[in-house]
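# Structural description and commentary
As a plain string of letters, each chain reads:
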Amino acid sequence: LEQLKEKTRAAAAALSDAYGAPVEHISVEAWLREQLPDILLWSPTATASAATKNGGCGSPSPSPPSPSPSSSPSALAGATAVMRTLLMYESWQALGRFYEGEEQRQHRRGGKLSHDTIGLDVAERLQASRAVGSIRASEAAEMKRRFVRVVHDTLLELDDGGSALLLMPTIPGVPPAAGLENIVGAEIRAATFELLTMSGLGSTPQAVCPLGSFGNVTDSSKLGGEERRTAEANPPRLPLSLSIVGPRYSDVECCRAVAFMARSGAFRSY
């Protein structure tokens, strides 16, 4: 993670020199808390707490993603819950009638819903989506509008009248090793969704570009013979990826930034 941060800072410095613009290091979490404090109310941690205080009668966001490791409400987790609420509502509006029709057909046949027609994972998501009502969806849509305005306006609020680019890691870390996805996969997916929410909920362009690779991911001491010699001669490395997020309709500018980094040789390995 530290190497990923270092590479992101180096990329920002290279773009700063090319554009003649200053670099400001920010915490997206702290920035969202300041600009849109009530988005914390959508955080799974906050909604769970509200439900507990109300004797389990709160109105948490339906089927939210796993909360962040932090025990306090998270603005990014709240934004993710808003986005997921909208996705669930739209999914049910598009597929709910079909799903209920399949349920009724299976019921008339005396059996449960067959997953030959609808996959188990899709059926589970649609079942959860059925609980998202129009009122909750409207609340989420209003929060999305405010989120879009905050992100867009902030990236445009520069003294020279130009726009800013937000450079950030595409995902919060490396994918889990084979065999561990069922143990840590949900936590990694939730953290990844939080970062991707910046452009997904903010309706802004996001250009993803490779920055090279770093590190040795194989412990060659556990290998033997030819495998060990091959691993030591050509050690596998972890890929690095950077995202460039701009205000709405800045797609061309984001692509120009990626092209500049490619020409400048910024995509190098550690």
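As the structure is a prediction and not an experimental result, all values here were calculated from the model. (Residues numbered from 1 in each chain as written. Predicted model: local features only at pLDDT ≥ 70, side-chain atom pairs only at ≥ 80, totals over all residues. Heavy atoms only, no water.)

### Describing the confidence of the model for the chain
Operational definition: For every residue, the predictor reports its confidence as pLDDT, a number between 0 and 100. Only DSSP runs of H or I reaching four residues or more are called helices, and only runs of E reaching two or more are called strands; each is numbered from the N terminus. Residue contacts are counted whenever heavy atoms from the two residues lie within 4.5 Å of one another.
Here the chain averages 77 in pLDDT, while 70% of its residues score no lower than 70. Of all secondary-structure elements in the chain, the lowest mean pLDDT belongs to helix α3 (residues 44-53), at 51, while helix α6 (residues 134-156) reaches the highest, 91. Below pLDDT 50 for its whole length, residues 48-70 participates in 32 contacts with residues either more than four positions away or in separate chains.

### Topic: the packing of aromatic side chains
We apply this condition: For Phe, Tyr and Trp, rings pair up if their centres lie within 6.5 Å, where Trp contributes its six-membered ring, and each pair is then called stacked (planes under 30 degrees apart), edge-to-face (over 60) or tilted (otherwise). In our convention, an over-ring charge means Lys NZ or Arg CZ found within 6 Å of a ring centre and within 35 degrees of that ring's normal.
What the rule picks out here adds up to one aromatic pair. One residue, arginine 84, lies across the ring of phenylalanine 193, its end atom 4.5 Å from the ring centre. One cation-aromatic arrangement involves arginine 136 over tryptophan 42; the distance from NZ or CZ to the ring centre is 3.8 Å.

### With respect to the pattern of salt bridges
Spelled out, the test is: For this analysis, a salt bridge means a side-chain nitrogen from Lys or Arg found within 4 Å of a carboxyl oxygen belonging to Asp or Glu. Any residue under 20% of the maximum accessible area for its type is buried, any over 50% is exposed, and the rest in between are partly exposed; the area is computed with a 1.4 Å probe on protein chains only.
For the coordinates displayed, the defined rule picks out seven salt bridges. Across the pair arginine 33 and glutamate 29 runs a salt bridge, and its minimum N-O distance is 2.8 Å. Of this pair, arginine 33 and glutamate 29 both sit in helix α2 (residues 28-35), four residues apart, roughly one helical turn. In this structure, the salt-bridge partner of glutamate 100 is arginine 130, at a minimum N-O distance of 3.7 Å. Placement of the pair is glutamate 100 in helix α4 (residues 75-108) and arginine 130 in the loop between α5 (120-129) and α6, with a sequence separation of 30 residues. Look at glutamate 100 and you get partly exposed, because its relative accessible area is 32%. Its relative accessible area of 29% is what places arginine 130 among the partly exposed residues. When salt bridges with common partners are traced through the structure, they connect Glu100, Glu103 and Arg130 into a single cluster.

### Concerning α5
Going by this rule: In this context, the arc is that of the directions from the helix axis out to the C-beta atoms.
Three or more residues of α5 are buried, namely Ala123, Leu126 and Ser129. Summarising the axial view, the buried residues of α5 lie within an arc of 120 degrees, below the 170-degree limit, and thus occupy one face. Exposed residues pointing more than 90 degrees away from the buried face of α5 are listed as Glu124 and Arg125. Residues of α5 that are buried sit in contact with α4.

### Some thoughts on the nonpolar core
Going by this rule: The term nonpolar core refers to a set of buried residues drawn from Ala, Val, Leu, Ile, Met, Phe, Trp, Tyr and Cys, joined through side-chain atoms within 4.5 Å.
Counting 26 residues, the largest nonpolar core has Trp31, Leu32, Ile39, Val82, Phe147, Met198 and Leu201 as the members making the most contacts within it. Ranked by the residues each element gives to this core, the list is headed by α4, at seven residues. Among the nonpolar cores identified, the runner-up in size contains 15 residues, and Ala12, Leu167, Ala207 and Val258 belong to it.

### Some words on α4
Where we set the bar: Multiplying one less than the number of residues by 1.5 Å gives the expected span of a helix. The bend reported for a residue corresponds to the angle between axes fitted to the seven residues ending at that residue and the seven starting there. For the purposes of these results, a polar contact is taken to be a pair of N or O atoms within 3.5 Å, where, inside protein, one atom must be able to donate a hydrogen and its partner to accept one; residues adjacent in sequence count only when each atom of the pair is a side-chain atom.
The first and last C-alpha atoms of α4 sit 46 Å apart over 34 residues, in line with the 50 Å expected at 1.5 Å per residue. Maximum bend of α4: about 60 degrees, positioned at leucine 95. Sitting at the head of α4, serine 74 places a side-chain oxygen 3.3 Å from the backbone nitrogen of leucine 76. Where α4 terminates, the next one or two residues include glycine 110, which has phi positive at roughly 80 degrees.

### Digging into the packing of α2 against α6
Helix packing for two helices is described by the angle between their axes and how far apart those axes are. Using the following cut-off: Lines fitted to C-alpha atoms define the axes, with helix axes restricted to the stretch in contact, and inter-axis angles between N-to-C directions lie between 0 and 180 degrees. Crossings are sorted by hand: turned counterclockwise from the far helix by less than a right angle, the near helix makes the crossing left-handed, and turned clockwise it makes it right-handed. The classification used treats Ala, Val, Leu, Ile, Met, Phe, Trp, Tyr, Cys and Pro as nonpolar, Asp, Glu, Lys and Arg as charged, and all other residues, Gly among them, as polar.
Where α2 contacts α6, the two axes come as close as 11 Å, and the packing angle between them is 115 degrees. Both α2 and α6 take part in a crossing whose hand is right-handed. Counting all contacts with α2, which are made through Trp31, Leu32 and Gln35, the residues of α6 involved are Phe147, Val150, Val151 and Thr154. Of the residues belonging to the contact of α2 with α6, the class tally is five nonpolar, two polar and no charged.

### With respect to the state of the cysteines
Heads up, the rule is: Pairs of cysteine sulfur atoms within 2.5 Å are what we label disulfides.
As enumerated under the stated definition, the model contains zero disulfides in all. Its sulfur unpaired, cysteine 254 is 6.9 Å from the next cysteine sulfur, which belongs to cysteine 255.

### Details of the environment of phenylalanine 193
Within the secondary structure, phenylalanine 193 is located in helix α7 (residues 181-202). When its relative accessible area of 22% is taken as the criterion, phenylalanine 193 is described as partly exposed. Note: C-alpha distance between phenylalanine 193 and proline 172 (21 residues apart in sequence) is 9.5 Å. When sequence neighbours within four positions are dropped, the list of residues in contact with phenylalanine 193 reads Thr80, Met83, Arg84 and Leu87.

### Quick word on the side chain of serine 74
Secondary-structure assignment places serine 74 in the loop between α3 and α4. Judged by its relative accessible area of 8%, serine 74 is buried. There is a polar contact of 3.3 Å between the side chain of serine 74 and the backbone nitrogen of leucine 76. A polar contact is formed between the side chain of serine 74 and the backbone nitrogen of alanine 77, at a distance of 3.1 Å.

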